[in-house]
Amino acid sequence: MKLAIGNGHQGIQETAYGIYRFNKEKRQPEVVDVVRFPAECVNPPTDMNADDWIKGGMKGGKVQLSSRL
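Just so it is clear, the model here is predicted, and its values are computed rather than measured. (Residues numbered from 1 in each chain as written. Predicted model: local features only at pLDDT ≥ 70, side-chain atom pairs only at ≥ 80, totals over all residues. Heavy atoms only, no water.)

1. With respect to the pairing of strand E4 (residues 28-37)
Line of reasoning, step 1. The pairing of strand E3 (residues 15-23) with E4 spans eight bridges and is classified as antiparallel. If you follow isoleucine 19 over to E4, its bridge partner there is valine 32.
Line of reasoning, step 2. Taking the residues between adjacent antiparallel strands as the criterion, E3 and E4 are bridged by four residues, where arginine 27 takes a positive phi near 55°. (Pairing = 2+ DSSP bridges. Helix = DSSP H or I, 4+ residues; strand = E, 2+ residues; numbered from the N terminus.)

2. Here's the deal with the environment of lysine 59
Line of reasoning, step 1. On the secondary structure map, lysine 59 appears in the segment after helix H2 (50-55).
Line of reasoning, step 2. Between the C-alpha atoms of lysine 59 and proline 44, which are 15 residues apart in sequence, the distance is 8.4 Å.
Line of reasoning, step 3. Residue contacts for lysine 59: discarding those within four places in its chain leaves Pro45 and Trp53. (Contact = heavy atoms within 4.5 Å.)

3. A look at the environment of glutamine 10
Line of reasoning, step 1. Its location among the elements puts glutamine 10 in strand E2 (residues 10-12).
Line of reasoning, step 2. Distance from glutamine 10 to threonine 46, taken between C-alpha atoms, is 9.6 Å for residues 36 residues apart in sequence.
Line of reasoning, step 3. Setting aside anything within four residues of it in sequence, one finds glutamine 10 in contact with Lys2, Leu3, Ala4 and Ile5.

4. As for a nonpolar patch on the surface
Line of reasoning, step 1. A surface patch of nonpolar side chains, about 410 Å² in accessible area, is lined by Tyr20, Phe22, Val31 and Val34.
Line of reasoning, step 2. If you list the elements that add at least two residues to the nonpolar patch, you get E3 and E4.
Line of reasoning, step 3. Tracing the backbone shows tyrosine 20 in strand E3.
Line of reasoning, step 4. Since its relative accessible area comes to 57%, tyrosine 20 is described here as exposed. (Patch = residues over 30% accessible without salt bridge, like charges linked within 9 Å, V, L, I, M, F, W, Y side chains within 5 Å. Areas by Shrake-Rupley, 256 points an atom, 1.4 Å probe, with all protein chains shown as cover. Salt bridge = Lys/Arg side-chain N within 4 Å of Asp/Glu carboxyl O. Buried < 20%, exposed > 50% of the residue type's maximum accessible area, 1.4 Å probe, protein only.)

Take a look at the structure:
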């Protein structure tokens, strides 16, 4: 986590998602095919309202999409 937006008053961190499955051989749950997005990719620029940023197509974000998407 880093204090990077809101003039250093708001913390941001990366986010990730993956696919949950139960591994029968190990007899335990696991998450596979995890994709991570840097904090700057999933947070609006300092001067933007989050709802407006999303509705506007997230312009100004540092998006680096995986080829798996």
